[in-house]
Amino acid sequence: MTTLSYQLYSSRNFPPLTNTLKMVAGLGYKQVEGYGALYASLDDIDGLRAALAENGLTMPSGHVGLDMVEVDPERVIRIARSLGMSHVFVPHLAADQRPTSDDGWREFGARLSEAGKPLKDAGLAFGWHNHDFEFSKVGGAHPLDLILEGGPELDLELDIAWVVRGGQDPVAWIEKTADRLVAAHVKDVAPEGENTAEDGWADVGHGTMDWAGLMTALKRTDCQLFVLEHDNPSDDARFASRSIDYLNSL
């Protein structure tokens, strides 16, 4: 059975965090993935580490903003070590900061790679997490290709549903990035016009994506982390429960 992780961002609107950790542990999750707001203060890290341990959970991966990685990499390293992370991913780039040329995206990949050097020197895996904008060509190539070209040492956490939202074939991108793909976000897209209150997302296995086939494709790569996520669930316990039940049934 594949060990599944839970992206805590999915439950950001359902505090407190301690209840979320208890909930996901009770459903059988063994791992969680962190996100930036959880590390806003280093004073919070000890409490988070204790809460993870209390619930038998580990946090092998986390999202960290590029600004923190560039400005204070030592802080990122301290956070990662304190929480037991082995993988750190930069998860986003604001629209007004996105390059407008192929060369610009290559340079962004190089910038990411340079920013991640202190983390890699400290023994952490470091890479990029995509959304859909990396599949909108501004020149002759997809930005995700250019990011990976410009940063040949970057790992990739491929968000499979955002690949679909970007109008792409997810299996093709899994195969194309197989040598860089170390983690995947496992989430689902609702049928057109449905789940509008949840931004068109669905619980895994209850949307339009072929997750049986996608998991098979992912397991042919070196993907190590399978992270369940829903960007805006109206009921995080429903999402967490139905999604893990579906994946465990495969």
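These remarks concern the structure in this document. Everything numeric here is computed off the predicted structure, so don't read it as measured data.

Here's the deal with the overall build of the chain
- Across its full length, the chain holds ten helices and ten strands.
- Its C-alpha atoms give the chain principal-axis dimensions of roughly 45 × 45 × 35 Å.
- Classification of the 250 residues of the chain by burial places 53% in the buried group.
- Contacts spanning at least 24 positions in sequence make up 76% of the contacts within the chain whose residues lie at least 6 apart.

What to know about helix α2 (residues 45–54)
- Looking at α2, one finds that the buried residues are I45, L48, A51 and L52. Buried residues of α2, viewed axially, fall in a sector of 125°; they line one side. Along α2, the residues that are exposed and aim more than 90 degrees away from the buried face are A53 and E54.
- On its buried face, α2 sits against α1 (17–26), β2 (31–34), β3 (58–63) and α4 (73–83).

Considering the pattern of salt bridges
- Applying the stated rule across the entire model yields 13 salt bridges.
- Two residues, E70 and R111, come together in a salt bridge whose shortest N-O distance is 2.8 Å. Of the two residues, E70 sits in helix α3 (residues 66–71) while R111 sits in helix α5 (residues 102–121), which places them 41 residues apart along the sequence.
- Overall, E70 belongs to the partly exposed group, its relative accessible area being 35%.
- The class of R111 is partly exposed, set by a relative accessible area of 38%.

Reading guide: rules and limits
- Note on numbering: residues in each chain are counted from 1, in written sequence order.
- Since the coordinates come from a predicted model, pLDDT governs what is reported: local features require at least 70, and pairs of side-chain atoms require 80 or more to be given and counted, while whole-chain, interface and lining totals use all residues.
- With hydrogens and water set aside, each side-chain value is computed from the structure's full complement of heavy atoms.
- Each helix corresponds to a stretch of at least 4 residues labelled H or I by DSSP, and each strand to a stretch of at least 2 residues labelled E; elements are numbered beginning at the N terminus.
- Buried, partly exposed and exposed residues are distinguished by accessible area as a fraction of the type maximum, computed with a 1.4 Å probe on protein chains only: under 20%, between the cut-offs, and over 50%, respectively.
- Note on definitions: a residue-residue contact is assigned when non-hydrogen atoms from the two residues lie within 4.5 Å.
- Each C-beta atom gives one direction from the helix axis, and the arc is the one those directions make.
- What counts as a salt bridge is simple: a side-chain nitrogen of Lys or Arg found within 4 Å of a carboxyl oxygen of Asp or Glu.

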